[in-house]
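# Observations on the model geometry
As a plain string of letters, each chain reads:
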Amino acid sequence: MHHENSFNDSSSAMTQADILIVDDIPENIRLLSGILDAKGYQTRKATNGETALRAIEAMLPSLVLLDIRMPKMSGYEVCRRLKSNPKTTHIPVIFLSAADEIADKVEAFGVGGADYITKPFHVEEVLARVHHQLTILAAQQTIWQLNTQLEARVKERTHQLELANSKLSEMAFCDPLTQLPNRAFLMQRLQNVLNQPEQQNLQNAVLYLDCDRFKTVNDSLGHQAGDELLIAISQRLKSVLRQVDLLVRLGGDEFVILLSDLPDAVSATDTAERILNSFTSPFYLREREFFVSFSIGIVSSCSTYKEPEDLLRDADTAMYQAKAAGKDCYQIFEISMYEAVCQRLQLETDLRKALRQQELSLFYQPIVDLATETVVGLEALVRWHHPTLGLVPPDQFIPIAEETGMILKLGLWVLEAACRQLVVWQTQGMVDADFFVSVNVSAYQFAQRDFIEQLDRVLTETQMNPYCLKLEITETVIMQNFVSAAEVIHQLRERAIQLSIDDFGTGYSSLSYLHSFPVDYLKIDRSFTQRLHREKSSLSLVTAIIQIAQTMGIQIVAEGIETSDQLAQLKLLGCRYGQGFFFSKPLPVNQIIDFLSPEAYQIK
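Residues numbered from 1 in each chain as written. Predicted model: local features only at pLDDT ≥ 70, side-chain atom pairs only at ≥ 80, totals over all residues. Heavy atoms only, no water.

## Some points on the overall build of the protein chain
Looking only at helices and strands, the protein chain features 23 helices and 22 strands. Against the globule reference of 25 Å for 604 residues, the protein chain gives a C-alpha radius of gyration of 49 Å, more extended than a compact globule. Each of the three principal axes of the protein chain carries a C-alpha extent, and together these read 150 × 60 × 55 Å. Taking all 604 residues of the protein chain together, the buried fraction comes to 46%. Residue pairs in contact within the protein chain that sit at least 24 positions apart in sequence constitute 66% of those at least 6 positions apart. (Helix = DSSP H or I, 4+ residues; strand = E, 2+ residues; numbered from the N terminus. Rg over C-alpha atoms; globule rule 2.2 N^0.38 Å. Buried < 20%, exposed > 50% of the residue type's maximum accessible area, 1.4 Å probe, protein only. Contact = heavy atoms within 4.5 Å.)

## Describing the sheet that holds strand β3 (residues 63-67)
Two modes of strand pairing occur in sheets, parallel and antiparallel, and in both the strands are linked by backbone hydrogen bonds. With parallel pairing, 5 strands are arranged side by side in an open sheet as β2-β1-β3-β4-β5. Edge strands, defined here as strands with exactly one partner in the open sheet, are β2 (42-46) and β5 (115-118). Within this sheet the neighbouring strands show an average axis-to-axis angle of 20 degrees, counted without direction. Pairing analysis gives 5 bridges linking strand β1 (residues 18-22) to β2, with the strands arranged parallel. What sits directly across from I19, in β2, is T43. Docked against the sheet, helix α3 (residues 49-58) engages β1, β2 and β3, running at close to 165 degrees with respect to β1. Set on the sheet, helix α4 (residues 75-84) makes contact with β3 and β4 (93-97); between it and β4 the angle comes to about 175 degrees. (Pairing = 2+ DSSP bridges. Axes fitted to C-alpha atoms, helices over the stretch in contact; angles between N-to-C directions.)

## Some points on the environment of R576
Of note, R576 is situated in the loop between α22 (564-573) and β21 (577-578). For R576, a relative accessible area of 36% translates into the label partly exposed. The spatial distance from the C-alpha of R576 to the C-alpha of D328 is 43 Å, given a sequence separation of 248 residues. When near neighbours in sequence (up to four residues on either side) are disregarded, R576 contacts V368, D369, L370, A371, Q555 and I556.

## Structural notes on the packing of helix α12 (residues 335-357) against helix α14 (residues 406-427)
Relative orientation of the contacting elements α12 and α14 amounts to 35 degrees, with a least axis distance of 11 Å. By crossing handedness, the relation of α12 to α14 is classed as left-handed. Contact residues: α12 offers E348, L351, R352 and L355, while α14 offers M406, K409 and L410. Considered class by class, the residues forming the contact of α12 with α14 number 4 nonpolar, no polar and 3 charged. (Left-handed = near helix turned anticlockwise from the far one by under 90°. Nonpolar A, V, L, I, M, F, W, Y, C, P; charged D, E, K, R; others polar.)

## Here's the deal with the sheet that holds strand β12 (residues 330-332)
Pairing is mixed in the open sheet, where 5 strands are placed in the order β7-β8-β6-β11-β12. Two strands close off the open sheet at either side, each with one partner strand: β7 (246-251) and β12. Looking at each pair of strands side by side, their axes are set apart by 20 degrees on average, direction ignored. Contacts from helix α7 (residues 183-195) reach β6 (202-211), β7 and β8 (254-263) within the one sheet, and its direction differs from that of β7 by about 135 degrees. Contacts from helix α10 (residues 268-278) reach β6, β8, β11 (294-299) and β12, with the element oriented near 170 degrees to β11.

## Structural notes on unusual backbone geometry
Omega for the peptide link from K119 to P120 comes to 0 degrees, which places this bond in the cis form. Structurally, the position occupied by P120 is in the loop between β5 and α6 (123-173). Its identity is not glycine, yet E287 carries a phi of approximately 60 degrees, on the positive side. Structurally, E287 can be placed in the loop between β9 (283-285) and β10 (288-290). Residue class for E287 comes out exposed when judged on its relative accessible area of 87%.

## Some points on the pattern of salt bridges
Scanning the model with the defined rule gives 25 salt bridges in all. Notably, a salt bridge pairs R286 with E228, separated by 2.8 Å at the nearest N-O pair. Here E228 lies in helix α9 (residues 223-239) and R286 lies in the loop between β9 and β10, a separation of 58 residues in the sequence. Relative accessible area serves as the criterion here: at 42%, R286 is assigned to the partly exposed category. (Salt bridge = Lys/Arg side-chain N within 4 Å of Asp/Glu carboxyl O.)

## Re helix α8 (residues 214-221)
Of all the residues in α8, the buried ones are F214, V217 and N218. Considered in projection along α8, the buried side chains sweep an arc of 95 degrees and stay on one side of the axis. Of the exposed residues in α8, those oriented more than 90 degrees away from the buried face are K215 and D219. Immediately downstream of α8, the backbone of G222 shows phi near 100 degrees, a positive value. (Arc of directions from axis to C-beta.)

Given below as structure tokens:
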């Protein structure tokens, strides 16, 4: 036998392997153990199958060299038992046999043997086959360890992913400021509610809440204080709700409440009233006291809805009705509200088309010198001839124009058209050189930074004499921003453009600003004019306004004159100018031309 150093590169792990040699011939055991011990392997011995099984059970070996032919229990039987036991099935078995028959090898591999060595033994063959099996075993162990580590890592990553997903889910469905559920959670919850029929004698309802005076806090104390107030508001709302009710923050100062399983004896309005009552108490924020109220829209039953969006839309619609009704109240949704919203939306769409397709026109109402009863000017009033609806009243489309921002384009068009028309009439000699046109200017136009630039451009392009232009604004325009209004009015005075306060007495009813803002005209609202003979208070107020205006050198224009008695009373009070149906209703261009003809220029 030749003992070569072919396996000197064996790993220490394999040379320290525990090998069990099983053979009923002691000489074979001594030979094999000598070969393996010389290479640093740890060996144990067993001379029969039963002893081998006990030795294996006592301590699992790395490898078994197993003789096939043994008395009582053959090597085949020992191998079958090892492979049938989960604890020992992984142990590789190399069979030993003096026979080199194919049938023996087939049976050896059939019972689970890993390799086969024939007698007489050759050192290099024994070492090679042992080394090969231990290498496979080491590789299997390495793979098992890697798999175990991988499984542990996957388990940890899975746990981390579950935590991350849980956090993301929480973030996706939670409002970060108030920690209330958000819109996404609400829509999911509403869908579940709509998918399940309401139980008998129980129903679900939705309340849509919008804070009426939250903007005041943000404007006065800043957004951080506003956030603190929102948290306090959400806590107070929760305090008046039941455990089963869902409170959601949609965003900003809007909240939604889903009332679940309301008994017939309890209505959604009960909850709305509790909410309104609870907010009669103030909030104390940054050493200041704040009162907050809500406009609440109610959908009293969810049973007729299939989509959460429709349910929320109708609750929102009812909330806006509550705002229109004066705020700090609730409104229950009715189908007529939705129809009105649809009509308003259609009117908005049509108004945009009307601006593009020039469906709008100007009517003019004469302004009369009451002393001489002659026409001294005209008020330009925009009118809309809708292709299918006919004449749309201004009080229907002007608010839409203001809400959508179309008022800027509309207002500029009115200004340009009125100036251009007056210049044409003056050029044609139809009116005197000092005849004026009066144009209403909305708060949105007046607040534009380039309002004066636009005005200059219109005057230049139309060649309009600025003295013949009067701009009408409301008290609200001035009171909303004293500083910017003062600057604009100053620039108007520089251009000799006259300014009139429209609907005087119906807004802030404060005369103090007249000392700070030089205006040329005050227009007494038609509501006072028409009550002159019916209410002493109206007569007293009009008398006071005229006397104060005369003292300050401001002219008065009375609106809404409809009777000769009203005209006579205003003359007695010293009112200089007036307009109303007594003289003429607003007329289109072709009719106002006839009205301004030399024959009609004097009011009869």
